[in-house]
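Architecture at a glance
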Amino acid sequence: MTADCVFCRIVSGEIPGDFVFQDHEMVAFRDIHPVASTHILLVPREHIGSVQDLKSGDEEFIGRLILRAKALAEQEGVAERGYRLVLNCGVYGGQIVPHLHLHLIGGRKLGDSLG
Ligand code: AMP
Ligand code: ZN
C-alpha cells in the first residue's frame, strides 16, 4: 500500500470503486471516465508502478491478469465483437496513475490509431 496512490486506496477500500471482480491478487473496477460502454481497469493488489517494475517471477501473474480480462470481456458481452486491452507505461505512454493497470475497453468500434 502506497498512501498517496489512488489505486492502492481503492484496493484498500478507502476510496470507493465499482468492483466487478476481486481475488487475492487483483481487483477489477469500472473506470470513472469510461471511453466506451465497457471500460474496466484490472489492478494488482500489490503496488507495482508500471510494466517497467515487473520482475522475473511475475510472468504467471500477468498471464492471469490477461485471462481475467478475457473472462470479464465475456461476462460483459463484448467478447464476440472484440475489445481492446491497453497497458500504458510511463509519461510518453500516457500513464496517468502510477499503479499498473490493464484497461479493458469494449462495446463500440474503436479507432485504428494507436495515437
Ligand atoms: P492511465 O492513463 O492508463 O494511467 O489511466 C488511468 C485511468 O484511471 C483513467 O482512465 C482514469 O479515468 C481512471 N481513474 C482515475 N481515478 C479513478 C478512480 N478513482 N476510479 C476509477 N477510475 C479512475
Ligand atoms: Zn498503488
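Coordinates for the structure precede this section.
Residues numbered from 1 in each chain as written. Chains lettered and ligands numbered in written order. Predicted model: local features only at pLDDT ≥ 70, side-chain atom pairs only at ≥ 80, totals over all residues. Heavy atoms only, no water.

This part covers the layout of surface pockets. By volume, the largest pocket amounts to about 310 Å³. Looking at the largest pocket, it is lined by 19 residues, and the ones nearest its centre are Phe 7, Asp 31, Ile 32, Leu 41 and Val 97. Sorting the residues of the lining of the largest pocket by element identifies α1 (6-12) and β2 (26-30) as the ones contributing at least two each. Per-element tally for the lining of the largest pocket: the top contributor is α1, with 3 residues. Volume-wise, the second largest pocket comes out at about 250 Å³. The set of elements that each furnish at least two residues to the lining of the second largest pocket consists of β4 (83-86) and β5 (102-106). Residues belonging to the lining of the second largest pocket are distributed by class as follows: 5 nonpolar, 5 polar and 2 charged. (1 Å grid on protein atoms, 1.4 Å probe; cavity = no way out; pocket = protein on both sides within 12 Å on 5 of 7 lines; lining within 4 Å. Points joined across faces, edges and corners; volume = space filled by probe spheres on them. Helix = DSSP H or I, 4+ residues; strand = E, 2+ residues; numbered from the N terminus. Nonpolar A, V, L, I, M, F, W, Y, C, P; charged D, E, K, R; others polar.)

In this section: a nonpolar patch on the surface. On the surface, Ile 66, Tyr 83 and Leu 85 cluster together into a nonpolar patch covering about 230 Å² of accessible area. Assignment of secondary structure puts Tyr 83 in strand β4. (Patch = residues over 30% accessible without salt bridge, like charges linked within 9 Å, V, L, I, M, F, W, Y side chains within 5 Å. Areas by Shrake-Rupley, 256 points an atom, 1.4 Å probe, with all protein chains shown as cover. Salt bridge = Lys/Arg side-chain N within 4 Å of Asp/Glu carboxyl O.)

Attention now moves to the pattern of salt bridges. Evaluated as defined, the whole model comprises 6 salt bridges. For the salt bridge of Arg 30 with Asp 18, the shortest nitrogen-to-oxygen distance reads 3.9 Å. Taken together, the residues span a long stretch of sequence, with Arg 30 in strand β2 and Asp 18 in the loop between α1 and β1 (19-22) at a distance of 12 residues. Exposure remark for Arg 30: the relative accessible area of 29% places this residue in the partly exposed category. Among the charged side chains, a network of salt bridges with common partners joins Asp 18, Arg 30 and Glu 76. (Buried < 20%, exposed > 50% of the residue type's maximum accessible area, 1.4 Å probe, protein only.)

Here we come to the coordination of the zinc ion (ligand 2). In an ideal octahedron of six donors the angles at the metal are 90 or 180 degrees, and in an ideal tetrahedron of four donors they are 109.5 degrees. Distances from the zinc ion (ligand 2) to its protein donors, Cys 5 (SG), Cys 8 (SG), His 47 (ND1) and His 99 (ND1), fall at 2.0 to 2.3 Å. Around the zinc ion (ligand 2), the 4 donor atoms sit at angles spanning 104 to 117°, and that spread fits a shape best called tetrahedral. Expressed as a motif, the donor residue spacing for the zinc ion (ligand 2) is C-x2-C-x38-H-x51-H. Placement of the pair is Cys 8 in helix α1 and His 99 in the loop between β4 and β5, with a sequence separation of 91 residues. Both residues of the pair, Cys 8 and His 99, count as buried. (Donors = N, O, S within 2.8 Å, 3.2 Å for Na, K, Ca; no water. Tetrahedral: all angles 85-135°; square planar, octahedral: opposite > 155°, others 65-115°.)

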